[in-house]
Amino acid sequence: MPGWTKIVKTTSKPPRVPAPSANERQPPLFDLYPPIAPYSSGFLAVDDTHNLYWEQSGNPDGVPIVLLHGGPGAGATPTHRRFFDPAHYRIIIFDQRGAGRSTPLGCTDNNNLPHLVDDIEKLRTRLNIERWHIFGGSWGSTLAMAYAAAHPKRCISLVLRGIFLMEADEVEWFLYGMRMIFPEAWERFVSIIPEHERGDLLNAYHKRLNGDDKVAQMEAALRWALYEGACASLLPHHETLTSDDQRNHALALALLECHYFKHNVIPPDQSLMKSIPVLRNIPTTIVHGRYDVICPIRKAYDLHLLWPEADYVVVPDGGHSAMDPAIRSRLIEAVEHAKTLR
């Protein structure tokens, strides 16, 4: 296309992390590709309110692959480009409604799963792509399955990480169950909520996040985002969110996740599990950390039992985060394997 500069790169395999000692007995890990800049970017108006940021990097003539970020509301980052071989793939990354660089940030109006599925198809059409690989983790796995069920002929393959189906028991686990593993993080999460409201944390947070008190709103957003971040990795880490940009994106994450948890839980009769007959013939890899606390492995296992055709990769030393070294490596391996698919 006019104005595009083709990236010429000889790398055919991702870099490896130095091999472990013999007595550790674990397979060598793949590391991320080097940083890369987009060759094309823009905004797509999907309705009268929402404008989605999108970008392309890698090889303009390569095989298209689109990344669906988590959250809802987490947004994409430059690191996400680095899961893919830029010599082989035309890498498409975008921020979903209300997330990241899309505008308006944190907007929950006209923001639900069907809207997001339609947005992906609008972006595919805008970029003149016939078929593409779909790469999604956590909420991105929800969105990937929903999109593939609606548009199976547009999907070359699926790579799904940290299976999440937006069902009521998963939301309940996020709000209450994770305290069984991360009690300290949970105590910080609920400490701003009076005791008499803690039996309904979802509505307690929704009220504060959507209230007129901007100080209380930001405090709730930061507690929500830091709670999730503290529970995401196999080895816990504690973030600080100090810049205005970090705080605003934490607010968008909390607003959108709380909005989806309150208004967009998928009922049993519409479970994405019921879409497996449509998905069955799409080559798929499921990657799930054994110690994923945010999205416990049981949902991935149930999906595996119903969908044995999909490759099911349990990472014994992985948590929820795509950046856990072993999770990251298995994801890169899956995308390397996808090079053989057309």
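Data block above holds the structure.
Let me sum up the structure you'll find in this document. Everything numeric here is computed off the predicted structure, so don't read it as measured data.

Considerations on the packing of helix 1 (residues 113–126) against helix 2 (residues 139–150)
Any two packed helices are characterised by how steeply their axes cross, that is the angle between the axes, and by the distance between the axes.
And then number 1: Where helix 1 meets helix 2, the axes come as close as 10 Å, and the angle between the chain directions of the two elements is 70 degrees. In this view, helix 1 runs roughly perpendicular relative to helix 2, as classed from their interaxial angle. Of the two possible hands of crossing, helix 1 and helix 2 adopt the one that is right-handed. Between helix 1 and helix 2, the contacting residues are L113, L116, V117, I120, E121 and R124 on the first element and W139, L143, A146, Y147 and A150 on the second.
And then number 2: Class assignment for the residues of the contact of helix 1 with helix 2 results in 9 nonpolar, no polar and 2 charged.

Some points on the pattern of salt bridges
And then number 1: Using the criterion set out here, one finds 20 salt bridges in the structure.
And then number 2: Of the charged contacts, one joins R328 and D31 as a salt bridge, the two residues approaching to 3.6 Å between their closest N and O atoms. Here D31 lies in the segment before strand 1 (40–45) and R328 lies in helix 10 (residues 325–338), a separation of 297 residues in the sequence.
And then number 3: Overall, the relative accessible area of 27% leaves D31 in the partly exposed class.
And then number 4: Of the charged contacts, one joins R124 and E121 as a salt bridge, the two residues approaching to 2.7 Å between their closest N and O atoms. Here the residue R124 and the residue E121 both occupy positions in helix 1, the gap between them amounting to 3 residues, near one helical turn.

A word on the side chain of S233
And then number 1: In this structure, S233 sits in the loop between helix 6 (214–232) and helix 7 (244–263).
And then number 2: You can call S233 buried: its relative accessible area is 11%.
And then number 3: Setting aside anything within four residues of it in sequence, one finds S233 in contact with F182, S321 and D324.

What about the packing of aromatic side chains?
And then number 1: All chains considered together, the criterion is met by 16 aromatic pairs.
And then number 2: Between F83 and F135, the ring centres sit 5.6 Å apart and the planes meet at 45 degrees, which makes this aromatic pair tilted. With F83 in the loop between strand 3 (63–68) and strand 4 (89–94) and F135 in strand 5 (residues 132–137), the pair connects residues that are 52 residues apart, well separated along the chain. Each member of the pair, F83 as well as F135, carries the same accessibility label: buried.
And then number 3: Ring geometry for W224 against F261: centres 6.0 Å apart, planes inclined by 40 degrees, an arrangement best described as tilted. Residue W224 is found in helix 6, and its partner F261 is found in helix 7; the two are separated by 37 residues along the sequence.

Procedures and definitions
- Residues numbered from 1 in each chain as written.
- Predicted model: local features only at pLDDT ≥ 70, side-chain atom pairs only at ≥ 80, totals over all residues.
- Heavy atoms only, no water.
- Axes fitted to C-alpha atoms, helices over the stretch in contact; angles between N-to-C directions.
- Helix = DSSP H or I, 4+ residues; strand = E, 2+ residues; numbered from the N terminus.
- Parallel < 35°, antiparallel > 145°, perpendicular 65-115°, else oblique.
- Left-handed = near helix turned anticlockwise from the far one by under 90°.
- Contact = heavy atoms within 4.5 Å.
- Nonpolar A, V, L, I, M, F, W, Y, C, P; charged D, E, K, R; others polar.
- Salt bridge = Lys/Arg side-chain N within 4 Å of Asp/Glu carboxyl O.
- Buried < 20%, exposed > 50% of the residue type's maximum accessible area, 1.4 Å probe, protein only.
- Phe/Tyr/Trp six-rings, centres within 6.5 Å; stacked < 30°, edge-to-face > 60°.

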